Amino acid sequence: MAFFNPINWLLGLFSLDIGIDLGTANTLVNVRGKGIVINEPSWVTIDKRSRRPLAIGMAAKEMVGRTPKNVIAVRPLHDGVISEFDITQIMLEYFIGRVHEQSVVPLPKPRVVIGIPAGVTEVEKRAVYDAAMAAGARQAFLLEEPIAAALGAGLPIGETRGSMVVDIGGGTTEVAVMSMSGVVASRSLRVAGDEMDQDIIQYLRNKYNLLIGQGIAEKIKMVLGSAFPLEKEKTMEVRGRNLVTGLPETVEVSSIEIREALANSVQVIVDTVRDALDEIPPAIIGDLMDLGVCLAGGGALLQGLDRRLTEDIRLRTWVAEDPLTCVARGTGMIYEDFEDLSSYLVGLERGGRNA
Ligand code: ADP
Ligand code: MG
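Residues numbered from 1 in each chain as written. Chains lettered and ligands numbered in written order. Predicted model: local features only at pLDDT ≥ 70, side-chain atom pairs only at ≥ 80, totals over all residues. Heavy atoms only, no water.

Some points on the nonpolar core
Grouped together as the largest cluster of nonpolar side chains are 44 residues, with contacts concentrated most on Met164, Leu204, Ile212 and Ile220. Residue contributions to this core peak at nine residues, all from helix 8 (residues 255–279). If sequence neighbours within four positions are ignored, isoleucine 212 has contacts with Ile200, Ile201, Leu204, Ala217, Ile220, Val238, Arg239 and Gly240. (Core = buried A, V, L, I, M, F, W, Y, C linked by side-chain atoms within 4.5 Å. Buried < 20%, exposed > 50% of the residue type's maximum accessible area, 1.4 Å probe, protein only. Helix = DSSP H or I, 4+ residues; strand = E, 2+ residues; numbered from the N terminus. Contact = heavy atoms within 4.5 Å.)

Considering the packing of aromatic side chains
Tallied over the full model, the rule gives three aromatic pairs. Between tyrosine 94 and phenylalanine 95, the ring centres sit 5.5 Å apart and the planes meet at 50 degrees, which makes this aromatic pair tilted. Exposure remark for tyrosine 94: the relative accessible area of 33% places this residue in the partly exposed category. Look at phenylalanine 95 and you get buried, because its relative accessible area is 0%. (Phe/Tyr/Trp six-rings, centres within 6.5 Å; stacked < 30°, edge-to-face > 60°.)

Some remarks on the sheet that holds strand 14 (residues 210–211)
The sheet built from three strands is open, its strands ordered 14-15-16 with antiparallel pairing. The two strands at the open ends of the sheet, each matched to only one other strand, are strand 14 and strand 16 (248–254). Of the pairings in the sheet, the one linking strand 15 (residues 235–242) to strand 16 comprises seven bridges and is antiparallel in character. Bridging across to strand 16, arginine 241 finds its partner in proline 248. Across the sheet, helix 7 (residues 214–224) lies against strand 15 and strand 16, angled at about 165 degrees from strand 15, the strand it touches most. (Pairing = 2+ DSSP bridges. Axes fitted to C-alpha atoms, helices over the stretch in contact; angles between N-to-C directions.)

Considering helix 10 (residues 305–313)
Residues of helix 10 that are buried: Leu305, Arg308, Leu309 and Ile313. Looking straight down helix 10, one finds its buried side chains confined to an arc of 100 degrees; they lie on one side. Lining the buried residues of helix 10 we find strand 11 (163–168), helix 8, strand 17 (293–296) and strand 18 (317–319). In the segment just after helix 10, arginine 314 is the residue with positive phi, at about 60 degrees. (Arc of directions from axis to C-beta.)

Here's the deal with the site of ligand 1
Taken together, 17 residues lie around ligand 1, and Ala25, Asn26, Gly170, Glu218 and Lys221 are the ones closest in. Threonine 24 places a main-chain nitrogen or oxygen 3.3 Å from an oxygen atom of ligand 1. Summarising the interface, the protein chains cover 89% of the accessible area of ligand 1, which totals 580 Å² for the free molecule. When contributions to the shell around ligand 1 are tallied by element, the ones reaching two or more residues are helix 6 (193–208) and helix 7. At three residues, helix 7 tops the list of elements feeding residues into the shell around ligand 1. When its residues are assigned to classes, the shell around ligand 1 shows five nonpolar, nine polar and three charged. (Near = heavy atom within 4 Å. Polar contact = N/O pair within 3.5 Å; in protein donor to acceptor, adjacent residues only side chain to side chain. Areas by Shrake-Rupley, 256 points an atom, 1.4 Å probe, with all protein chains shown as cover. Nonpolar A, V, L, I, M, F, W, Y, C, P; charged D, E, K, R; others polar.)

Any functional reading would require information beyond the geometric quantities listed.
Spelled out as structure tokens, the structure:
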């Protein structure tokens, strides 16, 4: 148990402790004592000439596919890592600033725990740390996302027993097997939600000559997408442009077709999970037969994915409660017992004030 430290306690009363899930698709901010106060798409729209941001988050995502020539819409993270540093910083600054504004009394700069994919390079880690500091953090700590997701999902990762998380986000699928507070085996795959959207676009183009945007594709995936036959198959009307005539067209699409469209990506995810399982010691396989495999991230919501994995890998696979917020909740949990749980934080090699 941690000793009671009156100085930390006092600081905690007067400063903000926040956990951030800086995702390729969504950014969430979890404030200690309040919960998740920001949950917005990781999009920024920018004026091309002045390079100034026009909209951030939900407001920016709504503009995607509709922007005039002088405006570009950017997702500053790619495959889980920062690809546009300045824009990431602007986005973080805006979100952290909004949290600050919500407090009645002026507060000192916040402490921030921020998720990073497992196995990223030192440079990529440093970029996240620097972006958080530049965005106004007093201290920034890094936490590997599978650990954060596991904490958020309530898995017993501090125990000797092994546990497994498959986090399917926008850009990447992260598979990790953990035991005794560490990652035993992990896989990172660049097939996840975005790729599924592309699969749907491609499928409708090939089959119906129908051109649709990514936003519509994502909606189709959420409504019709599945990885296992549905009890009751569904259909929906999809609007797009016919590539041959150039005219608007509506096509009725079924969940059976969309399952076919997604089949390859789903198979790649299943194979990667299998591949990770091949690598782990039998004792941990035994643990997983009790605990099962936990699905997190937005992709976990693809209908029937749990069932499909359960059949294919012969381990009970289950979806975490509220899978989209697991990482954000996990980053926030570090503050509940900072002395003990800070052992999960990742250090930077040189110079950082991390941990
Ligand atoms: P990231 O961590 O990369 O920001 P998230 O965990 O927020 O990603 O998940 C976002 C992805 O989850 C998106 O590709 C989104 O389309 C997908 N997603 C969200 N809800 C569903 C759903 N009901 N069915 C299938 N995919 C979904
Ligand atoms: Mg994520």
